[in-house]
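Examining the three-dimensional arrangement
Here are the chains, one letter per residue:
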Amino acid sequence: MSFNPANKIQDLQYFGEFGGVNPSISDSSTYTFLSAKTMFDTFEGNADGCYLYSRHSSPSNLYLGEALAAMEGTETATVTASGMGAITAIIMQLCQAGDHVVSARTIYGGTYAFLKNFAPKFNINTSFVDITNLQTVEDAITTKTKILYCEAVSNPLLEVANIKALSKLAKKHHLTLVVDNTFSPLTISAAKLGADIVIHSLTKFINGSSDTVGGVICGTKELINNLRNVNDGACMLLGATMDSLRAASILKNLRTLHIRMKQHSHNAAYLAQKFEEIGLKTVYPGLASHKSHELFKSMMNVEYGFGGMLTIDVGNIETANALMELMQQRNLGYLAVSLGFYKTLFSAPGTSTSSEIPEDEQQQMGLSDGLIRFSIGLDDDIERTYEMMRQCMIDLNIMVPSESSIVI
Ligand SMILES: *Cc1c(COP(=O)(O)O)cnc(C)c1O
């Protein structure tokens with residue numbers, strides 16, 4: 001039987017404090033102890049199941065963490081106030097001054113900025129590489145390297161990491177493979193493919209309603225205990241703690257993730273195919289033309305599809321901006337960053353989410369300024385959406401002449 005992440009979420013059972021079908025929300029920052037001795041043991045990390053203070057852990061946060069660990073198939077997990085709260089904590093936890101990171105060069109702009117501009121203040125330095133070229137990755141590894149870092153499906157170029165092969169490399173050189181799986185929840189089970197640590201921004205598909213930020217680190221019990229350690233744990237000490245009310249609401253949204261992912265994927269696949277047919281330069285892992293289409297297929301949990309993200313390249317930033325403004329005016333979605341919302345979201349990454357990356361480096365990695373990134377929504381009638389998007393393109397003279405556009 002193959003691993004089914006949605007079954008793992010479904011199979012969790014909850015009984016609230018008063019028999020509620022949802023766990024009660026822990027509305028406390030601090031917790032009482034019946035004996036002073038237990039309080040001491042808890043500080044020492046020797047009293048499992050005792051709560052101390054909500055920056056350390058809270059019942060609501062533990063429930064959400066366990067559900068996400070079940071989804072990823074890791075021993076356990078800890079939630080954080082944001083995706084960046086997870087990413088910065090794990091890097092600071094695993095690296096000492098003098099250590100080195102090998103990272104994919106096409107990653108979330110905030111992660112890139114942290115590794116490039118912030119971590120060097122602590123003498124933690126990063127080599128950014130083309131993660132799809134395993135030889136380049138291996139060549140960048142030094143005796144100081146501690147972490148191999150990538151996104152399963154990268155932002156914004158939708159490059160696909162060969163997690164099994166990267167895991168082998170990591171093992172060979174005694175590195176920790178950290179995979180950001182934000183773009184491909186349920187679709188890719190990174191830990192099952194060999195990632196040591198899986199992180200997510202919960203802000204995106206997992207919560208899915210664009211009403212909160214959140215993050216998670218999934219890994220071994222040992223790692224998660226270390227992160228929470230009152231003396232030297234990055235989650236405990238850096239303080240990016242999720243609020244219990246938010247944890248409870250994200251847990252409720254997580255339960256419909258499988259249904260949403262199927263619809264996001266269905267819609268994105270439809271649009272990607274149509275866009276490609278009319279001659280637009282389209283990138284979507286589900287297209288046979290995608291460089292890593294076969295690799296993605298070999299890694300995916302098939303029933304959730306190829307995900308909700310796609311990009312098109314309309315040539316230049318002026319055209320990209322005009323198209324996005326027109327699509328928003330016609331209520332086809334929002335000109336907004338982020339992803340995983342019920343409505344389609346679109347933005348030009350070169351001038352928004354990846355603007356932290358210098359222009360020459362953007363060009364090197366193939367991030368052109370006419371690129372539009374779409375997070376495709378849950379539209380019930382995607383054929384209507386396509387027709388309306390096509391009309392926007394016709395009205396702006398973007399339509400590349402092709403067989404199928406002659407009829408217009
Ligand atoms: C948004 C995002 C992040 C950062 O998450 P926040 O919740 O905004 O802090 C990290 N990685 C990826 C791939 C993202 O899309």
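Residues numbered from 1 in each chain as written. Predicted model: local features only at pLDDT ≥ 70, side-chain atom pairs only at ≥ 80, totals over all residues. Heavy atoms only, no water.

If you look the protein chain up in an unreviewed UniProt entry, it shows as Aminotransferase class I/II-fold pyridoxal phosphate-dependent enzyme from Paucihalobacter ruber. Checking UniProt for the protein chain, the heading Cofactor (unreviewed entry) contains the comment "pyridoxal 5'-phosphate". The annotation that UniProt attaches to the protein chain under Sequence similarities (unreviewed entry) is "Belongs to the trans-sulfuration enzymes family." (UniProt positions renumbered as here; feature names shortened; annotations may be inferred.)

Moving on: the packing of aromatic side chains. Tallied over the entire structure, the rule returns twelve aromatic pairs. The interplanar angle of 20 degrees and the centroid separation of 5.5 Å between the aromatic rings of phenylalanine 114 and phenylalanine 118 together place this pair among those described as stacked. Of the two residues, phenylalanine 114 and phenylalanine 118 both sit in helix α5 (residues 109–118), four residues apart, roughly one turn of that helix. Among the residues examined, phenylalanine 118 registers a relative accessible area of 38% and is labelled partly exposed. Aromatic pair phenylalanine 275 and phenylalanine 374: ring centres 6.1 Å apart, planes at 45 degrees, arrangement tilted. With phenylalanine 275 in helix α11 (residues 257–277) and phenylalanine 374 in strand β12 (residues 371–375), this residue pair connects regions lying 99 residues apart in the sequence. Among the residues examined, phenylalanine 374 registers a relative accessible area of 0% and is labelled buried. Ring-pair connections join several aromatic residues into one group, and the members of that group are Tyr270, Phe275, Phe346, Phe374 and Tyr386. (Phe/Tyr/Trp six-rings, centres within 6.5 Å; stacked < 30°, edge-to-face > 60°. Helix = DSSP H or I, 4+ residues; strand = E, 2+ residues; numbered from the N terminus. Buried < 20%, exposed > 50% of the residue type's maximum accessible area, 1.4 Å probe, protein only.)

Where helix α3 (residues 59–72) contacts helix α10 (residues 244–254), the axes come no closer than 8 Å and their chain directions differ by 30 degrees. Every pair of crossing elements has a handedness; the one defined by α3 and α10 is left-handed. Where α3 approaches α10, its residues Ser60, Asn61, Tyr63, Leu64, Ala67, Leu68 and Met71 are matched on the opposing element by Ser244, Ala247, Ile250, Leu251 and Leu254. Class assignment for the residues of the contact of α3 with α10 results in nine nonpolar, three polar and no charged. (Axes fitted to C-alpha atoms, helices over the stretch in contact; angles between N-to-C directions. Left-handed = near helix turned anticlockwise from the far one by under 90°. Contact = heavy atoms within 4.5 Å. Nonpolar A, V, L, I, M, F, W, Y, C, P; charged D, E, K, R; others polar.)

A separate point is the site of the ligand. Residues in contact with the ligand amount to 13 residues; listed here are only the nearest, Gly83, Met84, Asp180, Thr203 and Lys204. Within the side chain of aspartate 180, an N or O atom sits 2.6 Å from a nitrogen atom of the ligand. Here an oxygen atom of the ligand sits 2.8 Å away from a polar atom, N or O, in the side chain of serine 201. When isolated, the ligand has an accessible area of 380 Å², and the protein chains bury 93% of it. For the shell around the ligand, the leading source of residues is helix α4 (residues 83–94), giving three residues. By residue class, the composition of the shell around the ligand is four nonpolar, six polar and three charged. (Near = heavy atom within 4 Å. Polar contact = N/O pair within 3.5 Å; in protein donor to acceptor, adjacent residues only side chain to side chain. Areas by Shrake-Rupley, 256 points an atom, 1.4 Å probe, with all protein chains shown as cover.)

To continue, consider the UniProt feature "modified residue: N6-(pyridoxal phosphate)lysine" (unreviewed entry) in the protein chain. Here the UniProt feature "modified residue: N6-(pyridoxal phosphate)lysine" (unreviewed entry) sits at Lys204. By the secondary structure assignment, lysine 204 is in the loop between β6 (197–201) and β7 (215–219). What lysine 204 contacts, discounting residues up to four positions off in sequence, is Tyr108, Thr182, Ser338, Leu339 and Gly340.

Bringing the pattern of salt bridges into the picture now. Applying the stated criterion to the full structure yields six salt bridges. When the shortest N-O distance is used, the salt bridge between glutamate 138 and lysine 172 registers 2.7 Å. Here lysine 172 lies in helix α7 (residues 163–172) and glutamate 138 lies in helix α6 (residues 134–140), a separation of 34 residues in the sequence. Here glutamate 138 falls in the partly exposed class, since its relative accessible area comes to 21%. (Salt bridge = Lys/Arg side-chain N within 4 Å of Asp/Glu carboxyl O.)

With that out of the way, let us pick up the environment of glycine 370. Relative to the helices and strands, glycine 370 is located in the loop between α14 (359–364) and β12. On the accessibility criterion, glycine 370 (0% relative accessible area) is buried. Along the chain, glycine 370 and glycine 315 lie 55 residues apart, while their C-alpha atoms are 4.5 Å from each other. In contact with glycine 370, not counting residues within four places along its chain, are Ile312, Asp313, Val314, Gly315, Asn316, Ile317 and Ala320.

Attention shifts here to the packing of α4 against helix α8 (residues 221–228). Where α4 meets α8, the axes come as close as 11 Å, and the angle between the chain directions of the two elements is 95 degrees. Between α4 and α8, the crossing angle belongs to the class labelled roughly perpendicular. Here α4 contributes Ala89, Ile90, Gln93 and Leu94 to the contact with α8, which in turn contributes Leu223, Asn226 and Leu227. Its residues assigned to classes, the contact of α4 with α8 shows five nonpolar, two polar and no charged. (Parallel < 35°, antiparallel > 145°, perpendicular 65-115°, else oblique.)

Moving on: the domain arrangement of the protein chain. Parsing the protein chain into structural domains produces domain 1 (5–254) and domain 2 (257–395). Each of domain 1 and domain 2 was reduced to a C-alpha centroid, and the two centroids are 27 Å apart. Taken together, the 38 residues of domain 1 in the interface contact 40 residues of domain 2. Regarding the contact of domain 1 and domain 2, the summed buried area is about 3,300 Å², with carbon and sulfur atoms giving 65% of it. When residues of domain 1 are sorted by the area they lose upon contact with domain 2, Leu158, Thr187 and Phe205 head the list and together hold 22% of the total. At the junction of domain 1 and domain 2, the tally comes to zero salt bridges. Summed over the shared surface of domain 1 and domain 2, the result is ten residue pairs in polar contact (both at pLDDT 80 or more). For the side of domain 1 that touches domain 2, the elements supplying multiple residues, two or more each, are α1 (5–10), α5 and α10. Of the residues that constitute the side of domain 1 that touches domain 2, the class distribution is 21 nonpolar, 14 polar and three charged. (Domains from an automatic or database assignment. Buried area = accessible area lost by both parts, 1.4 Å probe.)

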